[in-house]
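Structural features, examined
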Amino acid sequence: VEKLVTFPLGRRAPCDIYWHGVSFHDNENIVSGLVNKFPGMVEMLRKINLSRAMRTMQELFPEEYNFYPRSWILPEEYRQFSAQIRLLKEKDTTMNTTFIVKPDGGSQGDGIYLIRDPSDLKPMVGSQAKQAVVQEYIPKPLLIDKLKFDIRLYVLIKSLEPLEIYIAKEGLTRFCTEPYEEPSQKNLSHVFMHLTNYSLNVHSGNFVHSDSQSTGSKRTLSSVLYRLAAKGVDIKWILGFDILLTKNLKPVLLEVNASPSMRIEHEQEVAPGVFEYVPSPVDKEVKVDVIRDTLRLMDPLNKDSTPSPQLKAGEFEQGEEIPVDSESQGRSPDENLPSLCLKQVYPKYSKEFNYLRLVERITALFIRFLGVKDNMRLGPTAFRTFIRTCKLNNSNFTMASVDVLYINITRRRSCAIPDSREAGMGLQAFVEAFFYLAGRRFKFLVLKEQVVSLLSLCEAQLGPPSSVEDRRSLSCSRAPPRAARTQTLCLPDAQSSSPATQRRATSHDYRLHQKLKPRTLRANVEN
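Residues numbered from 1 in each chain as written. Predicted model: local features only at pLDDT ≥ 70, side-chain atom pairs only at ≥ 80, totals over all residues. Heavy atoms only, no water.

By the naming in an unreviewed UniProt entry, the protein chain is Tubulin tyrosine ligase-like family, member 11, taken from Nothobranchius kadleci.

Turning our attention to the overall build of the protein chain. When you go through the protein chain residue by residue, the secondary structure sums to 17 helices and 20 strands. The burial tally for the protein chain puts 45% of its 527 residues in the buried class. Just so you have it, the protein chain exposes about 26700 Å², and 54% of that area is on carbon and sulfur atoms. (Helix = DSSP H or I, 4+ residues; strand = E, 2+ residues; numbered from the N terminus. Buried < 20%, exposed > 50% of the residue type's maximum accessible area, 1.4 Å probe, protein only. Areas by Shrake-Rupley, 256 points an atom, 1.4 Å probe, with all protein chains shown as cover.)

Below, the discussion takes up the sheet that holds strand S7 (residues 132–136). Reading across from one edge, S4-S7-S5-S6 is the order of the four strands in this open sheet, with antiparallel pairing throughout. Each end of this open sheet is capped by a strand with a single partner; those strands are strand S4 (71–74) and strand S6 (113–115). When the angles between neighbouring strand axes are averaged without regard to direction, this sheet yields 25°. The sheet contact formed by strand S5 (residues 99–103) and S7 spans five bridges and is antiparallel. Residue pairing for S7: Lys 102 is matched across the bridge by Val 133. Taken strand by strand, helix H2 (residues 47–60) contacts S4, S5 and S7, and its axis lies near 140° from that of S4. (Pairing = 2+ DSSP bridges. Axes fitted to C-alpha atoms, helices over the stretch in contact; angles between N-to-C directions. Contact = heavy atoms within 4.5 Å.)

Looking now at the packing of helix H13 (residues 427–441) against helix H14 (residues 447–462). The interhelical angle for the contact between H13 and H14, taken along N-to-C directions, is 95°, at an axis separation of 8 Å. Between H13 and H14, the angle is such that the two are roughly perpendicular. Along the contact surface, H13 presents Phe 434, Phe 435, Leu 437, Ala 438, Gly 439 and Arg 441, while H14 presents Leu 447, Gln 450, Val 451, Leu 454, Leu 455, Leu 457 and Cys 458. Per-class residue counts for the contact of H13 with H14 are 10 nonpolar, two polar and one charged. (Parallel < 35°, antiparallel > 145°, perpendicular 65-115°, else oblique. Nonpolar A, V, L, I, M, F, W, Y, C, P; charged D, E, K, R; others polar.)

This part is about H14. Helix length check: H14 (16 residues) gives 22 Å between terminal C-alpha atoms against 22 Å at 1.5 Å per residue, within 8%. On its buried face, H14 is in contact with H2, helix H10 (358–368), helix H11 (380–389) and H13. Just downstream of H14, Gly 463 is the residue with a positive phi angle, here 75°. (Expected span 1.5 Å × (residues − 1).)

This part is about the pattern of salt bridges. Within the structure shown, the criterion is met by 21 salt bridges. Between Asp 293 and Arg 296 there is a salt bridge, with the nearest N and O atoms lying 2.7 Å from each other. Of this pair, Asp 293 and Arg 296 both sit in helix H8 (residues 281–298), three residues apart, which is roughly one turn of that helix. Accessibility assignment for this pair places Asp 293 and Arg 296 in one class, buried. Several salt bridges share partner residues, and in doing so they unite Asp 289, Arg 292, Asp 293 and Arg 296 into one network. (Salt bridge = Lys/Arg side-chain N within 4 Å of Asp/Glu carboxyl O.)

So, on to the nonpolar core. Residues Leu 378, Phe 383, Phe 386, Met 425, Phe 430, Phe 434 and Val 451 are the most contacted members of the largest nonpolar core, which totals 69 residues. Residue contributions to this core peak at eight residues, all from H13. The two domains that each donate at least three residues to this core are domain 1 (143–300 + 338–352) and domain 2 (357–462). Beyond its immediate sequence surroundings of up to four residues, Phe 386 is in contact with Leu 365, Phe 369, Leu 392, Phe 430, Phe 434, Leu 437 and Cys 458. (Core = buried A, V, L, I, M, F, W, Y, C linked by side-chain atoms within 4.5 Å. Domains from an automatic or database assignment.)

Take a look at the structure:
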């Protein structure tokens, strides 16, 4: 067993691990070691970007990705949304579909509301309010004790290249605090009935803080699964991120959270008008194990099952010591430590899932043509170079047509975000263009086969990258030299940074570029 010395305020010397409690943007204060968050992950998992990404995968693999509700992006797709709903109601006059509106940058349930018709959308005021996602509301959720609930599972992405993913065996279930009724015009505003967000329901007078893991308004996932198993439900297959179970046990993905709350206390009134933070047994049961085993898996000085010597007291700058063990293949060298709560799902099941990684191959093409290191958007010249190099232009698709395609896609994307200062073609826009090109080139195939065929064509024209640097490897960790036997954990205050750092953090191009740096540990778990 080894110990990590923590430095809550940071220190001058480099640390082995940097742990950020909120969103993280790379800066000059981190010069080595591992980081527990993806730089740029907050932007990647905003509701609009996530919906676009899920839509892309649904187009390629409709059966495999049918767990995400149909979504429209506002205001960009308002007319499409209105037209589709109008047609559905014309076909079925009894249709009473409910929709849920989620602000793009919202969190903790802020700004979410339910509607029955596009005309019910609230007036959009200001540039930020205009960005939202509207989704089909799941009207028949699985209920326990007559209450709607959702499931929160914790996922660790240990590295991107090679891809390595773990999922926690235990999770949380968060319950509404008002008995559920199917949506009607009378109860659409009853947030304690329809929204499972903890940050909302904790303010309900019916919220129950329980010392038991199987009762109260927040429970462990295992306690819920045991109840389902007792009713004869086969629980072995249930898997997901932040999910809702329908009445027939179909999992529906609600969202993925890039900045999870790992707090294990909750606020409680201990005397009239006096509030204190007290431990939450359910949160402690789940979150302590997730953090502990993340550190066990990512221990930079222990790549095998041989335990390293314990740190000597006073050997380094004074700090709080946290026991952390070395772990390999899920086996603990110390009998006093529990087995890992994190179960590997990839590459363990790579044979089953590798065929789903088409978009990663498109991403590799995108990165290859970026050119300028700090840039994460293709300019018109780079896009033309991609077309020429892959020999995609011909007499029926001239370079003038290429320019029109580039302008149409980038202009539509920029119009959807009026205050955007970013120019060029981002990754999702490039994927859209790639799908278009694949459809033109291989029009008699289904979309997935079109994309596979165009990828094979482009990769054959380009050949393998000449070096790792050319590929701009997306490796996400850079461990300290093996000779260094110290381990330190810095817990920097993400709110305090220099003006220069803040200016760099607000630069979207800079933030996205940081994702390509090979030194960051990414722990993506849900709030």
